[in-house]
Amino acid sequence: RRQNTIKKRTELSRQVSFKEVIDKLNYSGLELIRSSDDAKILKLDLIINSFTDSIRVLVQLIQKITSIGIVLKHLETRPDKAHPGELEIFVQIETKKPLLMEVLDSLVPDKIDRIEIKSTEKADNVITAEEIWIPKHVSDLDKCGHVVVKYEPTEDPKHPGFGDKDYISRRAELNAIARDWKFGDSMPDIQYLPEEHETWRIAYSKLKELRPSHTCAEYCKNIKQMEDIGLITADKIPSLQAIDKYLRAKTGFQLRPCGGLLSARDFLASLAFRVFQTTLYLRHHSKPNHCPEPDLIHEILGHTPMFADPVVAEFSQEVGLLSIGASDEQIERLATLYWFIIEFGLCEENGKLKAIGAGLISAFGELQHAISDTPEHAPFDPYKTAIQKYEDSDYQPLYFVAKSMSDAMEKLRKYALDFDRSAINVYNPFSQTISQLSHE
Ligand code: HBI
Ligand code: FE
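Parameters and conventions
- Residues numbered from 1 in each chain as written.
- Chains lettered and ligands numbered in written order.
- Predicted model: local features only at pLDDT ≥ 70, side-chain atom pairs only at ≥ 80, totals over all residues.
- Heavy atoms only, no water.
- Near = heavy atom within 4 Å.
- Polar contact = N/O pair within 3.5 Å; in protein donor to acceptor, adjacent residues only side chain to side chain.
- Areas by Shrake-Rupley, 256 points an atom, 1.4 Å probe, with all protein chains shown as cover.
- Helix = DSSP H or I, 4+ residues; strand = E, 2+ residues; numbered from the N terminus.
- Axes fitted to C-alpha atoms, helices over the stretch in contact; angles between N-to-C directions.
- Left-handed = near helix turned anticlockwise from the far one by under 90°.
- Contact = heavy atoms within 4.5 Å.
- Nonpolar A, V, L, I, M, F, W, Y, C, P; charged D, E, K, R; others polar.
- pLDDT = per-residue confidence, 0-100.
- Expected span 1.5 Å × (residues − 1).
- Buried < 20%, exposed > 50% of the residue type's maximum accessible area, 1.4 Å probe, protein only.
- Arc of directions from axis to C-beta.
- Patch = residues over 30% accessible without salt bridge, like charges linked within 9 Å, V, L, I, M, F, W, Y side chains within 5 Å.
- Salt bridge = Lys/Arg side-chain N within 4 Å of Asp/Glu carboxyl O.
- Disulfide = S-S within 2.5 Å.

**Considerations on the site of ligand 1**
Then step 1. Residues in contact with ligand 1, as listed here, are Cys258, Gly260, Leu261, Leu262, Ala264, Phe267, Leu268, Pro294, Ala335, Tyr338, Trp339 and Glu343.
Then step 2. One of the backbone nitrogen or oxygen atoms of Leu262 is found 2.7 Å away from a nitrogen atom of ligand 1.
Then step 3. At a separation of 2.9 Å, an oxygen atom of ligand 1 approaches a polar side-chain atom of Glu343.
Then step 4. For ligand 1, the protein covers 94% of the area, taking 390 Å² as the surface of the free molecule.
Then step 5. Of all the elements in the fold, those that place two or more residues in the shell around ligand 1 are helix H10 (264–272) and helix H13 (328–343).

**Comments concerning the packing of helix H7 (residues 194–214) against helix H11 (residues 296–307)**
How two helices pack is summed up by the angle between their axes together with the distance between the axes.
Then step 1. Close contact between H7 and H11 brings their axes to 11 Å; oriented N to C, the two are set at 35°. Along this stretch, H7 crosses H11, giving a crossing that reads as right-handed. Between H7 and H11, the residues in contact are Thr199, Trp200, Ala203, Tyr204 and Leu207 and Ile297, Ile300 and Leu301, respectively.
Then step 2. Among the residues forming the contact of H7 with H11, the class breakdown is seven nonpolar, one polar and no charged.

**Focus on the confidence of the model for the protein**
Detailed conclusions should not be drawn from predicted coordinates in areas where pLDDT is low.
Then step 1. Here the protein averages 86 in pLDDT, while 88% of its residues score no lower than 70.
Then step 2. Scored below 50 in pLDDT, residues 1–20 shows 47 contacts in the model against residues more than four places distant or in partner chains.
Then step 3. Counting interchain partners and residues more than four positions distant, the pLDDT-below-50 stretch residues 26–32 has 17 contacts.
Then step 4. Reported confidences for the modelled complex are a pTM of 0.74 and an ipTM of 0.97.

**Things to note about helix H6 (residues 165–180)**
Then step 1. End to end, H6 covers 23 Å across 16 residues, agreeing with the expected 22 Å (1.5 Å per residue, within 8%).
Then step 2. Listing the buried residues of H6 in full gives Tyr167, Arg170, Arg171, Leu174, Asn175 and Ala178. Summarising the axial view, the buried residues of H6 lie within an arc of 135°, below the 170-degree limit, and thus occupy one face. Across H6 from its buried face, at more than 90 degrees, point the exposed residues Lys165 and Asp166.

**With respect to a nonpolar patch on the surface**
Then step 1. A cluster of nonpolar side chains, namely Ile424, Val426 and Leu437, defines an oily patch on the protein surface of about 230 Å² accessible area.
Then step 2. The residue Ile424 is located in strand E12 (residues 423–428) in this model.
Then step 3. Among the residues examined, Ile424 registers a relative accessible area of 34% and is labelled partly exposed.

**Comments concerning the state of the cysteines**
Then step 1. Per the counting criterion, the structure on display carries zero disulfides.
Then step 2. Considering cysteine sulfurs only, Cys144 is the nearest to Cys258, which forms no disulfide, with 12 Å between them.
Then step 3. The exposure class of Cys258 is buried, given its relative accessible area of 4%.
Then step 4. Left without a disulfide partner, Cys291 is nearest to the cysteine sulfur of Cys258, which lies 12 Å away.

What follows is the structure, given as structure tokens:
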């Protein structure tokens, strides 16, 4: 389904500027990138020729490369023969494909005449499972925070915060905290603003009304426990440190901050370590009951009570473990499975539909829509669910209904037996490491 050509990716999820830059790429060097996997470390030469302002292009390039953690191996400039007075820029980098995309996105298209990308490895390099970079220790998740540019207030006119400078700069401030956070740091103790606490209060109170009639027993039980000990209250945004501590004690899940919607591969990899990557910013105050992207209200109200449930925790980790070292196509299946259960899943309780998914539990409108007669409902079956197309910018037309969370878990395990993979990933909770047992 998702094709791996750069052009396709551009159309799917990239902003316009990248599309323009892409037309200037020299395709001859792109075979490797075209066929390669998101997780593979690419060794690349970039040669950039600018019409004007090549020094500024160089500065922006270096800033971008260093801020997102790309390894810079070599940097050189020389007079550009084709553009007198300008410099030709030559950089050698080691990077994952999504980060390269981010760098290309950041270049100003009108200034660029041509970008040549060459692989410093053989172009006919075939990707095998062994070559896919995988996080081995929980601290390797420091390298798994790639944010997908999609539904952001800086990019998307439909985002409620689009054009609101204060909101955008607050979001950037919180995302900088997430970007600089490293494994071993404690969760940030953020002083939220009065208007952010107010947005929380409104969303929380509305959702609480629907809770008994619309959400599953596991959710009701776990959020009540968190409320009973004062961890979640209406008047203020809960402490992330306290939630982290609570989850560690309950199911071994831990939090780490992230800066938005992550690539499915990075997000799923963290689940393999029972790590939940949580955004720090809140939805825009004009739409307290709706957010097109993950935000702190979705994470705390939708996800954390569910991660306090042992079966949900186990289910999530098992999907995560299946994702380690998987191909792009398999990642898409696993992301879809996760989406239809952990984000938008329903279950049946005493003949009534109830939400188990965090995307529903944290969205006042869709929660009501999901259990109404309007959408279609089908029984959860990993073989079907994993390949079902989903809607990520509007209400779902179809929801999957699990008999129970444990039943979903059992079905997932049967599915995993048939899941084609070159190794079985084993998690060691004492050392927080993953090892791969290859099987013939
Ligand atoms: N990123 N921050 C964040 N939160 C999510 O819930 C999330 C994500 N990236 C991908 C993703 N979910 C979906 O693809 C899941 O189905 C995996
Ligand atoms: Fe989510």
